[in-house]
Amino acid sequence: MSNAISPEDAESFSGSAVPPVVETREVVSGRWLLIDAAVMAGWVLAVDWLVYQVGSFFAWGVLLVLAVSLLAAFRLRVANSRRSSWLALALLLLGLKLIWSGSVLQIACGLGLLVCYAMALAGYTPFMPEAIAFLGLMCVGATRRLRAYRIVKPDGSLASQKPGLSVVLPVGIVVCFATLFVLANPDLATGVSRQFRMAFDSLGRILTGFNIGEAVLWLASGFLLLGLLYPARVILLAEKRPAELDQTPTASGVYLAYRNTLLSVILLFAVYLVFEFSTLWFRNFPKNFYYAGYAHQGAFWLTVALALATVVLSAIFRGSVLADGRLKSLKRLALIWSIENLLLSAAVYNRMLIYIDFNGMTQMRVIGLFGITSVVVGFLLVVVKLYRDYGFIWLLHRQLWVPLLALVLYAVLPVDWIVNRYNAAQVQRGDLAPSIQIAAHVVSAEGILPLVALVDCEDPKIRDGVRALLAMWSEDLKNNVSSPYVRTYGGVYRGNWHSEYDHQTPWLQVNAGFSHPGRATEKPWQSFQLSNYILQSKLNSVQSKIEPFIEDAKARDLAIDAFFEYAYQWY
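Conventions we followed
- Residues numbered from 1 in each chain as written.
- Predicted model: local features only at pLDDT ≥ 70, side-chain atom pairs only at ≥ 80, totals over all residues.
- Heavy atoms only, no water.
- Helix = DSSP H or I, 4+ residues; strand = E, 2+ residues; numbered from the N terminus.
- Buried < 20%, exposed > 50% of the residue type's maximum accessible area, 1.4 Å probe, protein only.
- Contact = heavy atoms within 4.5 Å.
- Areas by Shrake-Rupley, 256 points an atom, 1.4 Å probe, with all protein chains shown as cover.
- Phe/Tyr/Trp six-rings, centres within 6.5 Å; stacked < 30°, edge-to-face > 60°.
- Lys NZ or Arg CZ within 6 Å of the ring centre and 35° of its normal.
- Salt bridge = Lys/Arg side-chain N within 4 Å of Asp/Glu carboxyl O.
- Core = buried A, V, L, I, M, F, W, Y, C linked by side-chain atoms within 4.5 Å.
- Expected span 1.5 Å × (residues − 1).
- Lys, Arg positive; Asp, Glu negative; His and termini not counted.
- Polar contact = N/O pair within 3.5 Å; in protein donor to acceptor, adjacent residues only side chain to side chain.
- pLDDT = per-residue confidence, 0-100.
- Axes fitted to C-alpha atoms, helices over the stretch in contact; angles between N-to-C directions.
- Parallel < 35°, antiparallel > 145°, perpendicular 65-115°, else oblique.
- Left-handed = near helix turned anticlockwise from the far one by under 90°.

This paragraph deals with the overall build of the chain. When helices and strands are tallied, the chain shows 22 helices and 2 strands. Classification of the 571 residues of the chain by burial places 45% in the buried group. The long-range share in the chain, meaning contacts at least 24 apart out of those at least 6 apart in sequence, stands at 78%. Entry remark: accessible area of the chain is about 29500 Å², with carbon and sulfur atoms responsible for 66%.

What follows is the structure, encoded as structure tokens:
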């Protein structure tokens, strides 16, 4: 097969630490054969040990850091340093978050960004449509690499011209002669035989716990590493900018319809914005104001309106309209409507902030803020496309990254800590309404950390309720059973108090016997999460204040129940 590389590919791959996979030769040198074998063996052993022996989010965090390090060492290039550096930073942060307080979301984001990181190192811009195709290129590249290791031709004859033979043949001959020399010395043969028996006994013990799934893991992890290191290279999605196309100015038949549409929505938005600002920005809200409806329902539909505006604006400025001589006047109307949309986005943020100010922060409100921001950024990208004359592919590439970036940012940030840090600070300032979010939402260890500051809260019900919650966590941490998944999904409710809406405090649960995945879970370090360790240290510092609720389980349950009932007035 041809070894030719195009000038563009040669430039793209300049400075690569390994031979570029675009070079389609069928063999690799003996040096790279040994390097690949050593790296793959180390990688497979590390994956097996971390998944089966450690088996926690800590293990996944270490795997992400290890994968980034391997890819950086093998494929790092100056030409792609900016893209790859940002992706490497995101992956390292995800790895650290898994070590701090992990979840399945961080694992999923990490695997997705790992593919994007390999794309950047292979010379691609890691856009989402290309990432799907890149998965296929990884499989093709890994298969090519495996074929390159052959030392026998398909017809069964030795491929003496292949560099791999220069490694395998001498090793095989040396092993044969060494075996003969050992057999020629009885004492040496006895000692070597004893060592072989011990090795086979150890191998037998390992194989006793061996299963098909483990073999699949070995093969899949090794194949994945090869695909990440040596992906195939082809030209993916590309598009010319509209300004580069040959467009003769013509009158579009839909110009009047689009102009009238923009004039209409400009008028409608102006009327609604006056109403929105006069009713929700400059007023004091009555006691029974429907905060939830205006925040959940109202903010949602306004966000949908922003998304619809994004679609409408994209649909107007395409096709024959781009060649119309009156395009500039249409763009001026679009600019006015864009400003109104930005004012509308401010109104959506205002609704969310009103709700947060009413009774505190929650995970769902953080997600809501991220969602609103994603829609706003998507709309701004449409505006940039419109005034820079970019094409649809340009817009598609960047708009698909917006929700992914929001998801990764949510996964990296200590959301539970941020939420309860805000709520605890508000309670300390005398605003007790956010206490409902402390009582009504079960969180991970990182979310419990800010609550330690409330053990001396002036309000007795909040103080005793928080101390009881901390006592529950203290017991679980000492028994090494605490996990966000225990508290979120692992139990059934108990306790006697119900609100008029039939709510019951989710904190009063019976541990459902959660155990970490893997073959060995008896050692505390195997379920290590840094947030748990720090929380245990903080709980030790207030041990005297939570001790009564540790010793008396009934008093603890009553305090949690009373806390929930008291805080429910701000629901």
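Another aspect to go through is the packing of aromatic side chains. One pass over the structure, following the stated rule, counts 6 aromatic pairs. The ring centre of Tyr355 lies 3.8 Å from the NZ or CZ of Arg365, which sits over that ring.

This part covers the pattern of salt bridges. All chains considered together, the criterion is met by 6 salt bridges. Measuring nitrogen to oxygen at the nearest pair gives 3.4 Å for the salt bridge that ties Arg467 to Asp456. Of this pair, Arg467 sits in helix H18 (residues 460–478) while Asp456 is found in the loop between helix H17 (445–448) and H18, placing the two residues 11 residues apart along the sequence. Residue Asp456 is classed as partly exposed on the basis of its relative accessible area of 48%. A network of salt bridges, in which partner residues are shared, links Asp456, Arg467 and Lys545.

Moving on, we get to the nonpolar core. Core analysis: the largest hydrophobic core is formed by 50 residues, its most contacted members being Trp43, Leu94, Leu113, Tyr117 and Phe134. Among the secondary structure elements, those contributing two or more residues to this core are helix H2 (30–54), helix H3 (57–75), helix H4 (81–101), helix H5 (104–121), helix H6 (128–147), helix H9 (212–229) and helix H14 (392–412). If you look at the next biggest cluster of nonpolar residues, it comprises 39 residues, including Val427, Val455, Val542 and Tyr566.

Taking 1.5 Å of rise per residue, the 33 residues of helix H12 (residues 327–359) would be expected to cover 48 Å, and the 48 Å separating its terminal C-alpha atoms lies within 8% of that figure. Positive phi shows up at Gly360, right after H12, with a value of about 100°.

Turning our eyes to something else, we now look at the environment of Cys109. Residue position: Cys109 is located in helix H5. Taking the C-alpha atoms as reference points, Cys109 and Leu91, separated by 18 residues in sequence, lie 8.6 Å from one another. Beyond its immediate chain neighbours, meaning those up to four positions away, Cys109 contacts Leu94, Leu407, Val408 and Ala411.

Let's shift gears to the side chain of Arg365. Mapped onto the elements, Arg365 comes out in helix H13 (residues 363–388). Of the buried charged residues, Arg365 lacks a salt bridge, with Asp431 as the closest side chain of opposite charge at 10 Å. Within the structure, Arg365 has its side chain in polar contact with the side chain of Tyr355 (distance 3.4 Å). Each residue touching Arg365, except ones within four places of it in the same chain, is listed here: Met352, Tyr355, Ile356, Asn359, Gly360 and Gln437.

This part takes up the confidence of the model for the chain. Low pLDDT marks stretches whose predicted atomic positions should not be read closely. On average, the chain scores 74 in pLDDT, and the residues at 70 or more come to 70%. Here strand S1 (residues 491–493) stands out as the least confident element of the chain, with mean pLDDT 34; helix H15 (residues 415–428) is the most confident, with 93. The low-confidence segment residues 151–163, where pLDDT is below 50, has 19 contacts with residues more than four positions distant or belonging to other chains.

Our focus in this paragraph is the packing of helix H10 (residues 255–280) against H12. Across the interface, H10 lies against H12 with an axial gap of 9 Å and an inter-helix angle of 30°. Taken together, the axes of H10 and H12 are roughly parallel relative to one another. Once H10 is placed against H12, the crossing between them reads as left-handed.

For H13, spanning 26 residues, the distance from its first C-alpha to its last is 37 Å, which sits close to the expected 38 Å at 1.5 Å a residue. Just past H13, the residue Asp389 takes up positive phi, approximately 60°.

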